[in-house]
Amino acid sequence: MNTRSEIVDSIPDASVSLRVDGARLWQSLMQLAEIGATAKGGVCRLALTDLDRQGRDLVAGWLRGAGAGIEIDGAGNIFATRPGRNAGLPTVLTGSHIDTQPSGGKFDGNYGVLAGLEVLRTLNDAGLVTEKPVAVAIWTNEEGSRFVPVMGGSGAFARVFTLEHLHQQRDVDGVAFGEALERIGYAGKAPIGGRALDAYFEAHIEQGPILEREDKVIGVVTGALGLRWYDCIWSGQDAHAGPTPMESRRDALRGASRLVEAVNEIARRHAPDGRATVGFMQVKPNSRNVIPGRVAMSVDMRHPEDERLVAMDRELRAASAAIAAELHLECEVRQVDQFPASRFNAGCVDAVRAAARKLGYPYREIVSGAGHDAIYLARVAPTAMIFVPCKDGISHNEIEDARPEHLEAGANVLLHAVLARAGGIRDRPA
Ligand SMILES: [Zn+2]
């Protein structure tokens, strides 16, 4: 007869050989991708549309079929909980989103949710009972394509903004988030946020080229880049392109052009993790034979360390002031948005790293350059992410692709990271 301590001591042996079913995971991904499938092999399943409802119905049905209890909160976030031995313990949560960009792919978000489903199915097949409850979340409107703000469901969950604020947001046709949610039948009654969470793990395709380039299978995500957005407004003087001599011009576009190069130099000075991009420019009057008198441009700067972002901010202001002085222009630099850098929980990051090492997958530490629900979750729970490579680093595109064996590896790492936090004992012989 086993004593309690013998059972607990046997945990590593009981679960070390456990693996997800990669073919089943792939099949679920392909089946979900049929809802909103595009001609070019991608997916268009915008948040809170009929297609989103169909996707939710399908995945929630699968989760229910895996024995999980379903709850839906006021933001439409879905929580599917597989009970643990001890209902009083905080939940180990995983998940992601199933809404997509208008020309999105099959894997962004969908992978994290279906990897969570695969973890539950694997625990069921093995007859494993975890000590803590294990749950899968489907976060509403992560993409921010139909409704702003992005990461709306997880942001409301983490109380970054209120549920009322979220419900009032309107799409381009004037439909409010709250109405759309009601219409698809996913305005739930469960309270928003406040769940006791032991940990949150999110598996995701990298959406960048690093893992593929270095032949790594797993990205142990240590945090996410902080971000600052600016509008830079250059003012000079409109004048005729013919009669105005070069030395007496006040060409706002010349200032803006110099700043594009300066901004790129700033990011290079803060290599390897600094990023800086000018992605928008509006030239006035934008006429072939008029010297531009006004240019509005955007600057997007990112870095994993907030102190570095402060330095990059200083360098941006210094560079624009110097260029403006030299070219007899004015430049106004306005910061319009900011996201602090986030560092994931050391314990959760360790759990991901240990799982990758134990399973023998080549891995490296990596910082997320994109936004994810995990970034908001990190404000209310110990959090980490698992990245897997995607083809050519491309996402938010119908040609987004990932290899089945990489997706399987990421789900195995997720399984073992979850087990490390949730604790598991065998209930019956597998
Ligand atoms: Zn995503």
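In the block above lies the structure referred to throughout.
Calculation criteria
Residues numbered from 1 in each chain as written. Predicted model: local features only at pLDDT ≥ 70, side-chain atom pairs only at ≥ 80, totals over all residues. Heavy atoms only, no water. Helix = DSSP H or I, 4+ residues; strand = E, 2+ residues; numbered from the N terminus. Expected span 1.5 Å × (residues − 1). Buried < 20%, exposed > 50% of the residue type's maximum accessible area, 1.4 Å probe, protein only. Phe/Tyr/Trp six-rings, centres within 6.5 Å; stacked < 30°, edge-to-face > 60°. Donors = N, O, S within 2.8 Å, 3.2 Å for Na, K, Ca; no water. Salt bridge = Lys/Arg side-chain N within 4 Å of Asp/Glu carboxyl O.

Asker: Got a minute to help me understand helix H14 (residues 404-422) in this structure?
Answerer: Along an α-helix, a turn takes 3.6 residues, which lines up residues three or four apart on a common side. Look at H14: 26 Å from first C-alpha to last across 19 residues, which is about the 27 Å you get at 1.5 Å a residue. Across the 19 residues of H14, 14 count as buried, placing the element largely inside the fold. Trailing H14 by a residue or two, Gly423 shows a phi angle of about 70°, which is positive.

Asker: What's the story with the packing of aromatic side chains in this structure? I'm lost.
Answerer: Geometrically, a pair of aromatic rings is defined through the distance of the ring centres and the angle of the planes. Applying the stated criterion across every chain, the model contains eight aromatic pairs. Aromatic pair Trp139 and Phe157: ring centres 5.0 Å apart, planes at 65°, arrangement edge-to-face. With Trp139 in strand S5 (residues 134-139) and Phe157 in helix H6 (residues 152-157), the pair connects residues that are 18 residues apart, well separated along the chain. Looking at Phe157, the relative accessible area reads 3%, which means it is buried. On the numbers, 6.2 Å between centres and 85° between planes, the contact of Phe161 with Tyr376 is edge-to-face.

Asker: Would you mind showing me how to read the coordination of the zinc ion here?
Answerer: Ideal values for angles at a metal depend on the geometry: 109.5 degrees with four tetrahedral donors, 90 or 180 degrees with six octahedral donors. With distances of 2.0 to 2.2 Å, the protein atoms coordinating the zinc ion are His97 (NE2), Asp108 (OD) and His204 (NE2). Look at where the donors of the zinc ion fall in the sequence and you get H-x10-D-x95-H. Taken as a pair, His97 in strand S3 (residues 91-97) and Asp108 in the loop between S3 and helix H5 (110-126) lie far apart in primary sequence, eleven residues in all. A relative accessible area of 0% places His97 in the buried class.

Asker: What should I look at first to understand the pattern of salt bridges in this one?
Answerer: A side chain of one charge can pair with a side chain of the opposite charge when the charged atoms of the two come close. Within the structure shown, the criterion is met by 24 salt bridges. A salt bridge links Arg24 to Glu118; its shortest N-O distance comes to 2.8 Å. Taken together, the residues span a long stretch of sequence, with Arg24 in helix H3 (residues 22-32) and Glu118 in helix H5 at a distance of 94 residues. An identical accessibility class is assigned to Arg24 and Glu118; each is buried. A salt bridge links Arg228 to Asp313, with the nearest nitrogen and oxygen atoms 3.6 Å apart.

Shape is all these values report; function is a separate question.
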